[in-house]
Amino acid sequence: MNSTPQKEFFAGVKAESPILVGVIPFGMIYGVLALSAGIPAGAAQAMSAIIFAGSSQILVTQLVHQSAPALVIILTVGVVNLRHALYSASVAPYINKLRPLWKWILAYLLTDEAYAVTILHYQDDKVEEKSVPQNNKHWFFLGAGLALWSSWQLSTAAGILLGAVVPASWGLDFTLALTFIALVVPALKDRASLGAALSAGIVAVFAFRWQYKLGLMIAALTGILIGIALENMAGRKAGQGS
Amino acid sequence: MNTFLFKPALDSSAQLWGTMIIAGLLTYGIRLSFILLFSRREIPSWLGQALRFVPPAVLTAIIFPELLINNNHIDITYSNGRFIAGLVAIVVAWRTKNAVLTIVVGMAVLWLIQWLLRM
């Protein structure tokens, strides 16, 4: 069944909207933190459009505040955002028939939050149907991405305007972790993905002091390998049983 | 170029904007990488299998330290409000699959614990 571009677009906006509840306070917190780190309001707002990645923007404000050299800031952003290469590879087969302009736009909108809802929508089909232009699912991607983008820009602006009105003691930055919990937990449907999540989390806790977010990368890699191993073991067992 | 890379970002307006723009282009390049590279190819099956585990692995690697690390130490006592609130949020997400409810309940529990600890 084919859906119209409009229907897909608004379905994308709708799927993204619960996530925005977590993103908006986070954008405001970024705006507040950027000003307190000494970044001028114009540059703080522009960063939300230029980098457009929440956790690395927060890291940039910390590093700027600590007078870190430009090279360290750039490398840190690169390492933290390396996970987007995996998202890029993950969505690539679904959008490979689109025109280049679409690819340039959708790549710009490929954040954690837009990826999370979009990939679930693409994988929703029982039948593997990857000839995307016919099913208009790229409009869903665009809707989810633009909903996130505009919320991110507006919440940054609100954070800059509010300045220090929201006290840090409210702990609104915790909504980042809660957002990720809301995304991950319902997706843990089998033993392999549960094993991937738990092992990555445990490694990340014990490697949290490592420099430049290296612990995050090692933890993620561990989780992926454990997930593959568990899935292959389950597959072999099922093969023997039949 | 050398002096640019080794100077703090807040040295000048040009320094700050230069740092931001390079970091932004790098991020965009990473997001664009496979979309262009694989645009005419199928992803190998082992890579496809690995990618399925990327979201749970990466997101949990961000979540766990947020919940378990308190003042630079592993803290799994009731005085770590984020740990307790996170556990409650995990249960809510698991039972209801409702993102808004998960975030609202998680923040409410965090504030409740912060308030109780202040009494």
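Remember, predicted model here, so these are calculated numbers, not experimental data.

For the rest of this paragraph, the subject is the packing of aromatic side chains. The description of an aromatic ring pair rests on the distance of the ring centres and on the angle between the ring planes. Residues and elements named next belong to chain A. A complete count under the given rule lists nine aromatic pairs over all chains for this structure. Arranged with centres 5.3 Å apart and planes meeting at 85°, the rings of phenylalanine 9 and phenylalanine 10 form a pair that is edge-to-face. When the centroid spacing of 4.2 Å and the interplanar angle of 15° are considered together, the rings of tyrosine 87 and tyrosine 115 count as stacked. Highlighted residues: tyrosine 87 in helix H5 (residues 83–95) and tyrosine 115 in helix H7 (residues 112–123), separated in sequence by 28 residues. Look at tyrosine 87 and you get buried, because its relative accessible area is 1%.

Residue and element names in this part refer to chain B. This prediction gives chain B a mean pLDDT of 87; 93% of its residues lie at or above 70. For chain B, helix H3 (residues 45–52) is the element with the lowest average pLDDT, namely 76, and helix H5 (residues 81–96) is the one with the highest, namely 96. Taken together, the chains of this predicted complex give a pTM of 0.67 and an interface ipTM of 0.76.

For the rest of this paragraph, the subject is the interface of chain B and chain A. At the interface, 72 residues of chain B touch 89 residues of chain A. Carbon and sulfur atoms make up 78% of the surface buried where chain B meets chain A, a total of about 6,900 Å² over both sides. At the boundary of chain B and chain A, one finds zero salt bridges. Connecting chain B to chain A are 12 residue pairs in polar contact (both at pLDDT 80 or more). Mapped by element, the contributors of at least two residues to the side of chain B that touches chain A are helix H1 (2–6), helix H2 (13–37), H3, helix H4 (54–68), strand S2 (73–74), H5 and helix H6 (99–118) of chain B. The greatest single-element share of the side of chain B that touches chain A, amounting to 19 residues, is contributed by H2 of chain B. Of the residues assigned to the side of chain B that touches chain A, the class counts are 50 nonpolar, 14 polar and eight charged.

Residues and elements named next belong to chain B. Throughout the structure, instances matching the rule amount to one salt bridge over all chains. Put simply, arginine 82 and glutamate 66 hold a salt bridge, and the shortest N to O gap is 3.8 Å. Highlighted residues: arginine 82 in helix H5 and glutamate 66 in helix H4, separated in sequence by 16 residues. On the basis of relative accessibility, which here comes to 24%, the residue glutamate 66 falls in the partly exposed class.

Reading the values: rules and limits
- Residues numbered from 1 in each chain as written.
- Chains lettered and ligands numbered in written order.
- Predicted model: local features only at pLDDT ≥ 70, side-chain atom pairs only at ≥ 80, totals over all residues.
- Heavy atoms only, no water.
- Phe/Tyr/Trp six-rings, centres within 6.5 Å; stacked < 30°, edge-to-face > 60°.
- Helix = DSSP H or I, 4+ residues; strand = E, 2+ residues; numbered from the N terminus.
- Buried < 20%, exposed > 50% of the residue type's maximum accessible area, 1.4 Å probe, protein only.
- pLDDT = per-residue confidence, 0-100.
- Contact = heavy atoms within 4.5 Å.
- Buried area = accessible area lost by both parts, 1.4 Å probe.
- Salt bridge = Lys/Arg side-chain N within 4 Å of Asp/Glu carboxyl O.
- Polar contact = N/O pair within 3.5 Å; in protein donor to acceptor, adjacent residues only side chain to side chain.
- Nonpolar A, V, L, I, M, F, W, Y, C, P; charged D, E, K, R; others polar.

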